[in-house]
Amino acid sequence: MTKRCTLLFLLILTLTSWAQEWNAPVRGSWIADTGLTLVGKDRVADIVVSPDAHSCVKQAAKFLASDIEKITGQKPDIVPKVRNNKPFIRLATAGSDRVPADFRSLSGKWEAHKIQTVENGVWLVGSNPRGTAFAVYTFSERIGIDPLYCWTGYTPEKHEILRVKPIDYTAGEPTFKYRGLFHDDEDTLPQELDERGLPQAGGTIDPAWYKRYFETALRLRMNQVAPYTRAKRTMEVQQMASDWGLFYTSHHYDILLSNPWGYSREGLAEKRGVDGRYDWAENREGITKYWKAGVEENKDLDCIWPVGLRGTHDGHYEFPEGTTQEEKNRVFTKAMTEQVEMTKAILSETKNPVFHFTLYAEMLKAFQAGTLNLPEDVILVWNDDGDGIMRALPEPEELGKWKHGIYYHLAYYGHTTKQTAHTITPMRIEEQFRNIVKAGATEYMLCNVSEMREHTMNTRFIAGICWDAETAFSREDAADRFSRWWSREYFGNGADGAYSAYMDYFRIYHAHDQIWQGARSLERALHDVYSRLAGDHHAGRWNDPEKQAEYNRMKTRASVYEKTLASAREAQSKMNAQEARFFYEHVIFPLLIDYRPTKAAEYVWQSTWSWPQDRIFALINQAEEQLQLLEDEVDQAERPPFQDWYKDTWIRRYDSYTNVHYSNYRMQDFRERYKQRNESYKHRYSK
């Protein structure tokens, strides 16, 4: 080996954790002008997979074959063994397949994997089947596939000849054992319509969407998914998750994956032969039978089983008035103990069930009372406040008895703004996850991403931390390193400007309520101008200090937006087409959601102390122009497969108070109402 090749080889060895250091490019970084040829004009490497391999390895092989076809136009064959004189990509699992001696140290580890080139091929080896699959997804990204492509729309750079540099890459065991995505609410996804023509809660989601979620989780090296909230369940989806290598789980009220949502709504209790209310005290035999049915339905899948006691709509369990916390805790303890015991009795001896109990809402209070005696094999899951700040974490004395994890929100139903824009900052994530890791809550991590599209950046950040927190937090500036890396990785020549735009974005959207500041102010201003035109001469007084302050606040806020948007558009001008489109969707458009109503509010506040009426209407028309621009900008953010992404839904209802304030872009009806008043006033004052 030449000195130059030796240095290159040693350099590669030192970069085994670069994805968590965020100091170098990742996508396409293993492609080289010289090296092992996997695809040439007259040769295509085989993907070699044992016929006895786990289904998740076989699925990873299918994705890899498709990935290579996207890059080169040629699709590898998937074969059971290496063929003479053909280059190969060998997928193997230590302990199950025959592997070279260099890989045997992987045996017995959790999802560790190693990738190594040899003379005529490359070995992708895992410590267990999921580790092997993760080796595949790691390799796919390094040859050019964006793991978030389902959401970013990125297509890989084309290479007629695909060569890879010498590789010796090792990924050790992940920091968080179970880690994954919760696809909460799903209200914008295609479902049956209600009488108003809006997607209804409880519809059936096209499995194609779950395939996108599951593939994304796997490519980010996550190993669990919670795919349902208020949607009909199909065994096809649950089976798919397990077959692809993902633990199928659910949120805290979905006891033993039994689907309480469907108890009466979908007639599931009747189908399972259960009568009476969903109530432990009143109908213990029935509710136990219902839970057992959930275990029986999913017993052959890889699952993580929720335990607890809540209602059928994520509400607290209702005790008789006057019940003490100690009495409640005795009931909780009894119920969860029976849930664990019944699950173990039903599952086969080859299954080692994993349970989790989320300390959500009233359950945190119940646990902190000190009288909740949980089985020791239940993972205690601590949660944040819905805005990315942990409510509590385990104390040192609690670490020995139970294992601990977290439930973390990037999106949140109660803050529906967070379904249209990302408002959790990377800086907050770094701060909170440092505390989480320090507290030892690393057995489990479930991240609420809602419909995922708006939360790609921070999902990627959390995935990196969950895999290797030690490297991610080896220095104090994890959030800044990640944000700079993200900008370079996704925005090419516009990276520096993109990074600056993100920093401005997070200064403006430092909390979820910032995205409706303009809409709220606009409504107050419109109320004032309506009152004045109706004859209330006290409305719209310029010398009212509060109104002056509100006008000045909107004017200043609009100015900040204008500077930020100008810089962002300058950065966008340096990007290629797909980078520019994703940057618009992820940075520029979310800022416009509040900028347009803010600018409109500035005009309307000014109109409240303007006279005569034609000046008022001129300013209101300028405000209306801003809102129409926003409608056009919404259209720009909708593309396949995200058509009608910003439509009214059962969460974002056109007639709800929250919709005006949480979803500013849907102001069509609101605007139509004031246009009608506008015409009425014009008619009145023209006489």
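Look up: the structure comes first, before these words.
This write-up is about the structure you can find in this document. Quantities reported herein were computed from a predicted structural model and do not represent experimental measurements. (Residues numbered from 1 in each chain as written. Predicted model: local features only at pLDDT ≥ 70, side-chain atom pairs only at ≥ 80, totals over all residues. Heavy atoms only, no water.)

What to know about the overall build of the protein
Moving on, step 1. Scanning the protein from terminus to terminus reveals 23 helices and 16 strands.
Moving on, step 2. Computed over the C-alpha atoms, the radius of gyration of the protein is 28 Å, within 12% of the 26 Å expected from 2.2 N^0.38 for a compact globule of 687 residues.
Moving on, step 3. When each of the 687 residues of the protein is scored for burial, the buried share is 60%.
Moving on, step 4. For the protein, contacts bridging at least 24 residues in sequence account for 75% of all contacts bridging at least 6. (Helix = DSSP H or I, 4+ residues; strand = E, 2+ residues; numbered from the N terminus. Rg over C-alpha atoms; globule rule 2.2 N^0.38 Å. Buried < 20%, exposed > 50% of the residue type's maximum accessible area, 1.4 Å probe, protein only. Contact = heavy atoms within 4.5 Å.)

Focus on helix H6 (residues 207-219)
Every α-helical turn comprises 3.6 residues, leaving residues that sit three or four positions apart pointing alike.
Moving on, step 1. Between its terminal C-alpha atoms H6 stretches 18 Å, which fits the 18 Å expected from 13 residues at 1.5 Å a residue.
Moving on, step 2. Taken together, the buried positions of H6 are Trp209, Tyr210, Tyr213, Phe214, Glu215, Thr216, Ala217, Leu218 and Arg219.
Moving on, step 3. Once H6 ends, the next one or two residues include arginine 221, with phi positive near 60°. (Expected span 1.5 Å × (residues − 1).)

What about the nonpolar core?
Moving on, step 1. Core analysis: the biggest nonpolar cluster contains 170 residues, and Phe139 and Phe433 have the highest contact counts within it.
Moving on, step 2. Beyond its immediate sequence surroundings of up to four residues, phenylalanine 433 is in contact with Phe176, Ile406, Tyr408, Met445, Ile462, Ile465, Cys466 and Phe473.
Moving on, step 3. Counting residues in hydrophobic clusters, the runner-up holds 19 residues, among them Ala525, Met554, Ala600 and Trp605. (Core = buried A, V, L, I, M, F, W, Y, C linked by side-chain atoms within 4.5 Å.)

Section: the sheet that holds strand E16 (residues 444-448)
Moving on, step 1. Spatial strand order, E11-E10-E9-E16-E15-E14-E13-E12: eight strands in an open sheet with parallel pairing. Every interior strand has two partners, whereas the edge strands, strand E11 (247-248) and strand E12 (304-306), have only one. (Pairing = 2+ DSSP bridges.)

Observations concerning the packing of helix H16 (residues 478-491) against helix H17 (residues 495-508)
Moving on, step 1. For the pair H16 and H17, interaxial distance at closest approach is 8 Å and the crossing angle is 135°. On the basis of their axis angle, the class for H16 and H17 is oblique. As H16 packs across H17, the resulting crossing turns out to be right-handed. Judged by residue contacts, Asp480, Ser483, Arg484, Trp486, Ser487, Arg488 and Phe491 of H16 engage Ala495, Ala498, Tyr499, Tyr502 and Met503 from H17.
Moving on, step 2. When the residues that make up the contact of H16 with H17 are grouped by side-chain class, the tally is seven nonpolar, two polar and three charged. (Axes fitted to C-alpha atoms, helices over the stretch in contact; angles between N-to-C directions. Parallel < 35°, antiparallel > 145°, perpendicular 65-115°, else oblique. Left-handed = near helix turned anticlockwise from the far one by under 90°. Nonpolar A, V, L, I, M, F, W, Y, C, P; charged D, E, K, R; others polar.)

Regarding the environment of glycine 286
Moving on, step 1. By the element assignment, glycine 286 lies in helix H10 (residues 284-298).
Moving on, step 2. Overall, glycine 286 belongs to the buried group, its relative accessible area being 9%.

Observations concerning the pattern of salt bridges
Moving on, step 1. With the rule as written, the count across this model stands at 39 salt bridges.
Moving on, step 2. Close ionic contact of glutamate 296 with lysine 299 constitutes a salt bridge, the shortest N to O distance being 3.1 Å.
Moving on, step 3. For lysine 299, a relative accessible area of 30% translates into the label partly exposed.
Moving on, step 4. A salt bridge links aspartate 302 to lysine 351, with the shortest nitrogen-to-oxygen separation between them at 3.2 Å. Here aspartate 302, found in the loop between H10 and E12, pairs with lysine 351, found in the loop between helix H11 (325-346) and strand E13 (354-358); they are 49 residues apart in sequence, far enough to count as distant.
Moving on, step 5. Residue classification places lysine 351 among the partly exposed residues on the basis of a relative accessible area of 25%.
Moving on, step 6. Linked by salt bridges that have partners in common, Asp46, Asp77, Arg83 and Lys86 make up one network. (Salt bridge = Lys/Arg side-chain N within 4 Å of Asp/Glu carboxyl O.)

Describing the sheet that holds strand E3 (residues 78-79)
Moving on, step 1. Spatially, the six strands line up as an open sheet ordered E3-E2-E4-E6-E5-E8, and their pairing is mixed. Two strands close off the open sheet at either side, each with one partner strand: E3 and strand E8 (168-171).
Moving on, step 2. On the sheet, helix H3 (residues 55-72) packs against strand E2 (46-48), E3 and strand E4 (88-93) and is oriented at approximately 160° with respect to E4.

Overview of the pairing of strand E9 (residues 178-182)
Moving on, step 1. Taken across its five residues, E9 has five buried, putting it largely inside the fold.
Moving on, step 2. Inspection of the sheet shows E9 paired to strand E10 (residues 224-226) by three bridges, in the parallel sense. Counterpart to glycine 180 in the pairing with E10 is glutamine 224.

A closer look at the packing of helix H19 (residues 545-572) against helix H20 (residues 577-608)
Moving on, step 1. Where H19 meets H20, the axes come as close as 8 Å, and the angle between the chain directions of the two elements is 155°. Taken together, the axis directions place H19 and H20 in an arrangement best described as roughly antiparallel. The two elements H19 and H20 cross, and the hand of that crossing is left-handed.
Moving on, step 2. Across the contact of H19 with H20, the residue classes tally to 15 nonpolar, four polar and nine charged.

Overview of the side chain of glutamate 186
Moving on, step 1. Relative to the helices and strands, glutamate 186 resides in the loop between E9 and H6.
Moving on, step 2. Buried charge without a partner: glutamate 186 forms no salt bridge, and the closest opposite charge is arginine 230, 7.5 Å away.
Moving on, step 3. Setting aside residues up to four positions removed in sequence, glutamate 186 forms contacts with Gln191, Ile205, Tyr210, Pro227, Tyr228, Thr229, Arg230, Ala231 and Glu451. (Lys, Arg positive; Asp, Glu negative; His and termini not counted.)

Considering the packing of aromatic side chains
Moving on, step 1. With the rule as written, the count across this model stands at 52 aromatic pairs.
Moving on, step 2. Geometrically, the ring pair formed by tyrosine 408 and phenylalanine 433 is edge-to-face, given 5.2 Å between the ring centres and 70° between the ring planes. One end of the pair, tyrosine 408, is in strand E15 (residues 404-409); the other, phenylalanine 433, is in helix H13 (residues 426-439), and 25 residues separate them in sequence. The burial state of tyrosine 408 is the same as that of phenylalanine 433; both residues are buried.
Moving on, step 3. Looking at arginine 27, its charged tip hangs above the ring of tyrosine 490, at a distance of 5.1 Å from the centre. (Phe/Tyr/Trp six-rings, centres within 6.5 Å; stacked < 30°, edge-to-face > 60°. Lys NZ or Arg CZ within 6 Å of the ring centre and 35° of its normal.)

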